[in-house]
Amino acid sequence: MEYEHFFDGLKGQLEGELLVDEMSKALYSTDASIYEIRPVGVLLPRTRKDVERAVKSAARFGVPVLPRGGGSSLAGQTVGAALVVDCSKHLNRILEIDVANRRARVEPGVILDTLNRELAPHGLMVGPDPASGNRATIGGMVANNATGTHSILYGNMVDHVISAEVVLADGSCTTLREVDAVERVALKRLPGLEGAVYRQLDTFVARRADVIERDTPSHWRRNSGYRLETLLGEQLNLARLLCGSEGTLAFITEVEVALVPRPKSTAVGVVHFRSRRKALEAVTTILETGPSAIELMDGVAITQARRSEGFAGQMSFIDGDPGAVLITEYYGDDRAELEASLRGLERALKSAGLGYRTKKLAERADVAAVWNVRREVLGLVMGVAGDYKPVAFIEDASVPVEHLAEYISELDTYLESCGTRVAYYAHASAGCLHVRPFLNLKDAAEVEKMQDISLASMERVRKLGGSVASEHGDGLARSWLNRPFLGEALYDACVELKRIFDPTGVMNPGKIVEAPEMTRDLRYGPEYSTSDVKTIMDFSDLGGFAATVEMCNGNGACRKLDTGTMCPSFMATRDEQHSTRGRANALRLALAGRLPPESLTGRRMYEVMDLCIACKGCRAECPSNVDMARIKTEWLSMYWKDNGVPLRTWFFANIPELARAMTPRRVRLANWVSRRGLSRRAMDRLMAVSRERELPAFAERPFTSSFSDTPITPDRPEVVLFPDTFNNYFEPHVAMSAAAVLQRVGYHVSLPQRPVCCGRTYLSKGFVSDAQRLAIETVDALFPYADRGIPIVGLEPSCILTLRDEFVALLPGEPRAKKVAERVMTFEEFVDWDHHDLFVGRDWADRSETKVLVHGHCHQKALSDLSASVGCLKKCGFPTVEVVDSGCCGMAGAFGYEREHLEVSKKMAGLRLLPALEALPADAMVAAAGTSCRAQIRDLTRHVPLHPAEIMLRALRDGSGKTT
């Protein structure tokens, strides 16, 4: 092994994790860019000392070192044949918040949104705000010289960095901060690389000052090359020089940043235009009104957002089908000031004859929805099926805003001549439009076209006085352009600076200077191909199983920590392999033959896929709508075929069959046995079912045996109640509550005439053929109702939503399955959407003093809408209903019962759900539709969670005025 001595010497020195297996290296071979390079190893340092020792050893052995944060880099700066050092898992502490001086000191792995959440109570925040702020690290933002939506107010990170603790290329440590001439004299006397850097910089500046002043691009929003102009002047702060250096000069282990006041309130005017050109021509006029941001979304981005399940519901801020919109934001101290700004916007547009509609939004929730869509528009644009993708390589160019329309017009003309369609979005106020040409990088001619487009864009940017890179960095996509763009003299100065800081070339080589051609090391190149995988479920809508996996573009939205559902296992572990991106990359690399042939269904792949709990959070929250739950189901089917099915897996998959086989006598025996300590120890030992968990007890009488039907009458509309396994055989009181509520308000409740099952347990364990068989039987039973337009209502979200989602993939081409999918709904949806108004005017108990906290099942969040849960509870007299942003409860069906998953299951719950429950008043109620969610809450808290149907029944008065 080429690096064997390096790794052997390093292992004993580290507190962190050193990963050198092929799978770990494969997982770090990509980022959010179009590139793929296998690292020599991966280090997850626990301490600053780990970084110091690693760099020192790397310098000794000549091993390149590559610092990495969230891996959300779009230009390929965080991939390379190096020791990749991922700071995000452990080096993520907020060390100090100095409110009085508006400063924060953090480790490099701190996530921007996490820091801003801590700063919010103090009325402060970090100024630069990249769209990837929920996974971008502060260290990565410095290395990239990040900016964002509000760059016209806050500039780039170079304007906010105060100091940095770093490890230099020889492994020595120092602090980079502002120093005056006297201090510099002392620093030049220091031994080692630090002293050498300060000594050589004096000579460097003396020789290169004229070139730096003459040739540095004048546009303020620039990232091409190094920020050499920061070396000029009496005061020297090398921490600022690190901004945009992409880890090529030094390794940041701590950074101090200046903070800015958080705006008191904001409002947005969404200005609609018939064409993108008209929108761009309006930017200078709008800038005169003093906005805090102007962001463009073009027709392509709007269409993609409307197609996305997770974002379509948030698109009400756009009316009709405009060619483009400008999202124009204003800051203000109060509502009156904001309204005055919005009126000023309309006056300016009217006097200039621009725009044809402005939608004004000032409510906090409405403004948040706009920015939520805007933040993820990159992934939305990328999330298109097929080999032609909108590729990031010229997306970071910025020109003076008065030339923006001219630049885009010229670029449009060129792209049309190439026969290439394109998507545009982003920071119109800063002269930066993220331009994404659609290319097929699996085609050699398209790869060559990409290079031609890059050169054409660069020439136009240079002519207009802009910058090729303005916030996404140089990386592998643009570093090759630095020589022709900056000119020979300024480029040579950048090369010299790199050698001053990194004499042996070990710090992230090949970025900014001395870079390879942009067409090397592509993730998808002309030689790329995948093996043909035969599947049971239908993946044809995206082009097959491999193409479905390839929908992951690496944007890293699955690495967010503090909000939403996706991805619970990453939130709990912070391991790349347990992110949706990690799983997709592992599968893609195996399918493409870039991992050994046996790896697709090997044990190491099982470890990567193991903690995917099929929450479907990615289905809604991934901008590309990667459905890892469905992918895992199909993959598990392949895995069992090659490796055999363990007893525990068979047991949990077949719970519906076991439940149906139960008689009252068997129920009593099974429940007695499962409660015995000896039995639980035996299940722990034989099947790895944790003895700490108590398995759910079977009910002596299932719901279907207890339910009493009533004759159908014309005045009572019919509804079919779907008797899922869990609420039929384990918790029939929930189904009885639902039936009672529906009957008492005036519905006729029917049950299917034949046994039905969604097959959820089979799907979760990869028994796809069994699930398909049950799907056929269930569609046979339910189609007559669906065909008559009768609603089919379910109580367990994971079950009823399986009919809406997986049944269509299990039974491709079966029109009856689609008809059934159109008629199924959750209990909460049915009540909230009540088309017969039977819930209106009922005599509900007064619950005005009772707060209800709703914990949504993951599948509800992904495939339904929790507003229905709020709506149904408010209908029955609960005015205070709050949906908690609780993520996943962590039980996830059988997952939380499995011994090896017990602790991570509890950790998932402990991230946000348990703290939210602990903060509830004693008389509050907890609503949870999911059987597993209720089990987890009962196990880990003092609360007794109820299904919304149970809560509604308790609030429903009988004829005497008494509550039930």
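Data block above holds the structure.
About the thresholds
Residues numbered from 1 in each chain as written. Predicted model: local features only at pLDDT ≥ 70, side-chain atom pairs only at ≥ 80, totals over all residues. Heavy atoms only, no water. Buried < 20%, exposed > 50% of the residue type's maximum accessible area, 1.4 Å probe, protein only. Helix = DSSP H or I, 4+ residues; strand = E, 2+ residues; numbered from the N terminus. Pairing = 2+ DSSP bridges. Axes fitted to C-alpha atoms, helices over the stretch in contact; angles between N-to-C directions. Contact = heavy atoms within 4.5 Å. Arc of directions from axis to C-beta. Patch = residues over 30% accessible without salt bridge, like charges linked within 9 Å, V, L, I, M, F, W, Y side chains within 5 Å. Areas by Shrake-Rupley, 256 points an atom, 1.4 Å probe, with all protein chains shown as cover. Salt bridge = Lys/Arg side-chain N within 4 Å of Asp/Glu carboxyl O. Phe/Tyr/Trp six-rings, centres within 6.5 Å; stacked < 30°, edge-to-face > 60°. Lys NZ or Arg CZ within 6 Å of the ring centre and 35° of its normal. Polar contact = N/O pair within 3.5 Å; in protein donor to acceptor, adjacent residues only side chain to side chain. Core = buried A, V, L, I, M, F, W, Y, C linked by side-chain atoms within 4.5 Å.

**Focus on the pairing of strand β3 (residues 65-68)**
Piece 1. On β3, burial covers both faces: V65 and P67 on one face and L66 and R68 on the other are all buried.
Piece 2. When β3 meets strand β4 (residues 83-86), the two strands line up parallel, connected through four bridges. Bridging across to β4, P67 finds its partner in V85.

**Description of the sheet that holds strand β9 (residues 173-176)**
Adjacent strands of a sheet form backbone hydrogen bonds with each other and so pair up, either parallel or antiparallel.
Piece 1. Across the sheet, five strands lie side by side as β5-β6-β12-β8-β9; this open sheet has antiparallel pairing. The sheet is open, and its two borders are formed by β5 (94-98) and β9, each paired with just one other strand. Between one strand axis and the next, the sheet turns through 10° on average, direction left out of account.
Piece 2. Alignment of strand β8 (residues 161-167) against β9, held across four bridges, turns out to be antiparallel. From the neighbouring strand, V167 faces β9, where its bridge partner is C173.
Piece 3. Contacts from helix α3 (residues 48-61) reach β8, β9 and β12 (251-258) within the one sheet, and its direction differs from that of β12 by about 135°.

**A look at helix α38 (residues 815-823)**
Piece 1. Burial in α38 covers these residues: A817, V820 and A821. Mapping the buried residues of α38 onto a view down its axis gives an arc of 105°, with all of them on the same face. Facing away from the buried surface of α38 by more than 90 degrees, the exposed residues are P815 and E822.
Piece 2. Looking at the buried residues of α38, the elements they touch are α35 (768-787), β23 (792-794), α36 (797-804), α37 (806-810) and β24 (824-826).

**Some words on a nonpolar patch on the surface**
Piece 1. Where nonpolar side chains cluster on the molecular surface, the patch consists of V645, L647 and W650 and spans about 300 Å² of accessible area.
Piece 2. Tracing the sequence through the fold places L647 in helix α27 (residues 647-653).
Piece 3. On the accessibility criterion, L647 (53% relative accessible area) is exposed.

**Some details on the packing of aromatic side chains**
Piece 1. According to the stated counting rule, one finds 16 aromatic pairs in the structure shown.
Piece 2. Members of the aromatic cluster, each reached through a chain of ring pairs, are Y3, F6, F7 and F61.
Piece 3. One Lys or Arg, R421, reaches over the ring of F438 and ends 3.8 Å from the middle of that ring.
Piece 4. Taking NZ or CZ as reference, R816 lies 5.9 Å from the ring centre of F783, over its face.

**Section: unusual backbone geometry**
Piece 1. The peptide bond linking M566 to C567 adopts the cis configuration, its omega dihedral lying at -5°.
Piece 2. Backbone geometry places R102, a non-glycine residue, at a positive phi of 55°.
Piece 3. If you trace the backbone, R102 turns up in the loop between β5 and β6 (103-106).
Piece 4. Non-glycine residue I512 carries a positive phi angle of around 70°.
Piece 5. Since its relative accessible area comes to 0%, I512 is described here as buried.

**Here we look at the side chain of T147**
Piece 1. On the secondary structure map, T147 appears in the loop between α5 (138-144) and α6 (151-154).
Piece 2. Residue T147 is classed as buried on the basis of its relative accessible area of 0%.
Piece 3. Of the polar contacts made by the side chain of T147, one reaches the backbone oxygen of G155; its length is 2.7 Å.
Piece 4. Not counting chain neighbours up to four residues away, the residues in contact with T147 comprise P128, D129, P130, G155, N156, R221, S470 and E471.

**Digging into the environment of S737**
Piece 1. Tracing the chain through its elements places S737 in helix α33 (residues 732-745).
Piece 2. The class of S737 is buried, set by a relative accessible area of 9%.
Piece 3. Measuring from C-alpha to C-alpha, the distance between S737 and H947 comes to 9.0 Å, with 210 residues separating the pair along the chain.
Piece 4. Look past the residues within four positions of S737 in its chain and what remains in contact with it is A949, E950 and L953.

**Remarks on the nonpolar core**
Piece 1. L83, F204, L228, L231, L238, L326 and L497 are the most contacted members of the largest nonpolar core, which totals 136 residues.
Piece 2. Among the elements that take part in this core, helix α8 (residues 192-215) stands out by supplying nine residues, more than any other.
Piece 3. Ignoring any residue separated from it by four or fewer positions in sequence, one finds L497 in contact with L201, F204, Y226, L228, L231, L241 and L249.
Piece 4. In this structure, A82, V549, F698 and A924 belong to the second largest nonpolar core, which totals 109 residues.

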